[in-house]
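Each chain is listed here by its residues.
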Amino acid sequence: GTEGVKLWDIKSQKELTCLTHHYESRGTVSCAVWVTTRQGIAETLCYGTGLGYIVFLRHSHIDMQFQEACARRLGSGFKITCVVWDSTSFEVNMQIAVGTRDKIVQVLVLNTNLQLHAVFSVRLNNTVPKSVMFTDNGCVYVFALYDGNFIKLKGDNGAVAKEYSCQSVIGHAAVNQKRGMFIVDNATNGFTLCRLEGDEEPVRTFMTTAPIVSVPKQVAFGAEGRLIIGGSDHGSVYVFERKLGKLFETLRHSNTGLVQTIAVGVRFKG
């Protein structure tokens, strides 16, 4: 928010010391993602701001504090709308994809010397990125806020490999690469399921009660893609069977009010 980033240790329920500066001049925090690598580099938080800054905070094993490792203002300083980390990378370098309010998508690499380098930067036509995600082969999926476009960019140069409309605005999007599908909050009558490849027509729409307020609502896959879970503007969380399209359960968060943020966990047996 307006006071920068605050971190907590959930186990101890204590706030962690975070040595970051200039948060007043960088704008409010607009998105964030945790970054970990296979090479055992310290925990790193990457976040974007309303004035176009991308900032990396890294945990120090010496004083156990989170310190600012790198910060840069991207482009013309427009709001960073989304950021994602490439979890498929085997390198010690950290690769991220960033979307900004001025219709630009960038892929950046933070190397071991804490220097930020651009892989590519591309301006999209009439598309404000709402969500970005890496594919297993290094390409980048982009989900557009207003025109509802789904775009696949090549990972080496950002060239458009595929583009089509989801036929609605996109409040939020989630991808299940194993099943080759993605689900979006269509901000109208529920959640729309589409295929990543092949037929561009929606597979189905999971209908909810008509919204009173048109706001973005988070949606996610659950149970290894067998379920679709999404929020609402009237206190309910909807759980659908993906394959049959039937309502499986309605979870009551409150009698009224917004349910914009959800998270789906995995329960391990034993």
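Each value, and the rule that gives it
Residues numbered from 1 in each chain as written. Predicted model: local features only at pLDDT ≥ 70, side-chain atom pairs only at ≥ 80, totals over all residues. Heavy atoms only, no water. 1 Å grid on protein atoms, 1.4 Å probe; cavity = no way out; pocket = protein on both sides within 12 Å on 5 of 7 lines; lining within 4 Å. Points joined across faces, edges and corners; volume = space filled by probe spheres on them. Helix = DSSP H or I, 4+ residues; strand = E, 2+ residues; numbered from the N terminus. Nonpolar A, V, L, I, M, F, W, Y, C, P; charged D, E, K, R; others polar. Pairing = 2+ DSSP bridges. Axes fitted to C-alpha atoms, helices over the stretch in contact; angles between N-to-C directions.

S.K.: Is there a simple way to think about the layout of surface pockets in this case?
M.R.: With a probe scaled to a water molecule rolled over the atoms, the places where space remains empty come into view. Estimates place the volume of the second largest pocket at around 450 Å³. Along its surface, the second largest pocket is lined by 18 residues, and Ser30, Thr81, Lys130, Gly171 and Pro216 are the ones closest to its centre. Listing elements by their share of the lining of the second largest pocket, those giving two or more residues are β4 (29–35) and β12 (129–134). When residues of the lining of the second largest pocket are assigned to their parent elements, the largest contribution, three residues, is made by β12.

S.K.: Looking at this structure, I do not really get empty space enclosed by the protein. What am I missing?
M.R.: Tallying each qualifying case throughout the model produces two cavities of 30 Å³ or more. In this model, the largest cavity occupies a volume close to 60 Å³. Its boundaries defined by the atoms lining it, the second largest cavity holds a volume of some 40 Å³. Forming the walls of the second largest cavity are Leu74, Gly75, Ser76, Gly77, Phe78, Thr100, Asp102, Ile104 and Gln106. Residue classes in the lining of the second largest cavity are distributed as three nonpolar, five polar and one charged.

S.K.: What is the right way to read the sheet that holds strand β17 (residues 181–185) from this model?
M.R.: Ordered in space as β16-β17-β18-β19, the four strands form an open sheet in which the pairing is antiparallel. A single partner strand is all that each edge strand has here, and the edge strands are β16 (173–176) and β19 (204–207). Neighbour to neighbour, the strand axes of the sheet diverge by 20 degrees on average, direction disregarded. Bridging between β17 and strand β18 (residues 190–195) involves five bridges; their strand directions are antiparallel. Bridging across to β18, methionine 181 finds its partner in arginine 195.

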